[in-house]
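# Remarks on the overall topology
Spelled out from the first residue to the last, the chains are:
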Amino acid sequence: MARINIKNLGLSYLIRQGNGEKVALIMHGWGANKELMEQFFTKSLSKHCKQMIFLDFAGFGGSDEPSYAFNSIDYLNLTNEFIKALDIKVDILLGHSYGGKIACLMASKNDYDALILCASAGLKLPKSPKVKLKIFLAKCLNKLGFKNIRKFLASKDGATLSPIMYETFKNVVDEDYQNEISKINTKTLLLWGESDTATPLSIANKMQGLIKNSKLITFNGNHFFFMQNDLTPFIDEFFQKA
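Report on the accompanying structure. If you're wondering where the values come from, they're calculated on a predicted model, not measured in any experiment.

## Here we look at the environment of lysine 187
Looking at the secondary structure, you find lysine 187 in the loop between helix H7 (178-181) and strand E7 (188-193). Judged by relative accessible area, lysine 187 falls into the partly exposed class, the value being 21%. Once the C-alpha coordinates of lysine 187 and aspartate 111 are considered, the two residues, 76 residues apart in sequence, prove to be 9.0 Å apart. At 2.8 Å, the side chain of lysine 187 forms a polar contact with the backbone oxygen of lysine 241.

## Focus: helix H8 (residues 201-210)
Within the sequence span of H8, burial applies to Ile203, Ala204, Met207 and Leu210. Projection of H8 onto a plane perpendicular to its axis shows the buried side chains occupying an angular sector of 125°, all on one side. Packing partners of the buried residues in H8 comprise helix H3 (98-109), strand E6 (114-118), H7, E7 and strand E8 (214-219).

## A few points about unusual backbone geometry
Positive phi values are uncommon outside glycine, yet serine 97 reaches one of about 55°. Relative to the assigned elements, serine 97 resides in the loop between strand E5 (92-96) and H3. For serine 97, a relative accessible area of 9% gives the class buried. One non-glycine residue, alanine 119, lies in positive phi territory at about 45°.

## Quick notes on the pattern of salt bridges
A complete count under the given rule lists 11 salt bridges for this structure. With its nearest N and O atoms 2.6 Å apart, the salt bridge here joins aspartate 56 to lysine 34. Taken together, the positions of aspartate 56 in the loop between strand E4 (49-55) and helix H2 (72-86) and lysine 34 in helix H1 (residues 34-46) put the pair 22 residues apart, joining distant regions of the chain. An identical accessibility class is assigned to aspartate 56 and lysine 34; each is buried. For the salt bridge of lysine 170 with glutamate 167, the shortest nitrogen-to-oxygen distance reads 3.3 Å. Taken as a pair, lysine 170 and glutamate 167 lie in helix H6 (residues 163-173) at a separation of three residues, close to a single helical turn. When its relative accessible area of 35% is taken as the criterion, glutamate 167 is described as partly exposed. The structure contains a network of salt bridges with shared partners spanning Lys34, Glu35 and Asp56.

## Brief notes about the pairing of E8
With six bridges joining them, E7 and E8 adopt parallel strand pairing. By the bridge assignment, leucine 191 is partnered in E8 with isoleucine 217. In terms of handedness, the path from E7 via H8 over to E8 forms a crossover that is right-handed.

Calculation rules
Residues numbered from 1 in each chain as written. Predicted model: local features only at pLDDT ≥ 70, side-chain atom pairs only at ≥ 80, totals over all residues. Heavy atoms only, no water. Helix = DSSP H or I, 4+ residues; strand = E, 2+ residues; numbered from the N terminus. Buried < 20%, exposed > 50% of the residue type's maximum accessible area, 1.4 Å probe, protein only. Polar contact = N/O pair within 3.5 Å; in protein donor to acceptor, adjacent residues only side chain to side chain. Arc of directions from axis to C-beta. Contact = heavy atoms within 4.5 Å. Salt bridge = Lys/Arg side-chain N within 4 Å of Asp/Glu carboxyl O. Pairing = 2+ DSSP bridges. Right-handed = clockwise from strand over helix to strand, strands pointing away.

Set out below in structure tokens:
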């Protein structure tokens, strides 16, 4: 494990060596970390990459928490600064969930050799009546002075976060980057769990329609389908045709 200071934030990362020619940046989802991504994606990428860089976003894993609430543009800028500080050229982006959202933003601004999105965030989800009720109750109770009600009403992703990371979560959870995603020109592989409720299959289908040069493959499993399936044959085929 290595650390680097970017904009007064210590970021934790891992670099693993492979047998290929490309450099890949692999980004985790909300609440996860680089170790999870290393465990499940090193095998699938090592044939194609000479370096695989696994990054902990600010506020996750071994990286420092930001001093103020971030939004996704803050994470995008920090990730770009991280790449610049390492003095590397990234050829492949792979992101799961929230990491996929940052990968989409990166690919909307620059072309890469390949983009792999696993149950990616980036498109706004319609709120269920249950979620709408929770939001209404939280706002009412906050006005009445019940500030600690958050831990009872917040989503699983937000309930255990520090105040800054909870505000960050609120900033990023409802972002909609449809316009940016439609600008992606990089050849893209969309990998999705058929039982995903965090980023449901309807998001995958919409994203496939927005990204011109993309292919969608679905698997048995939920938001963490890659823990239940071997993705290597599908990633191998993707790179063979790239």
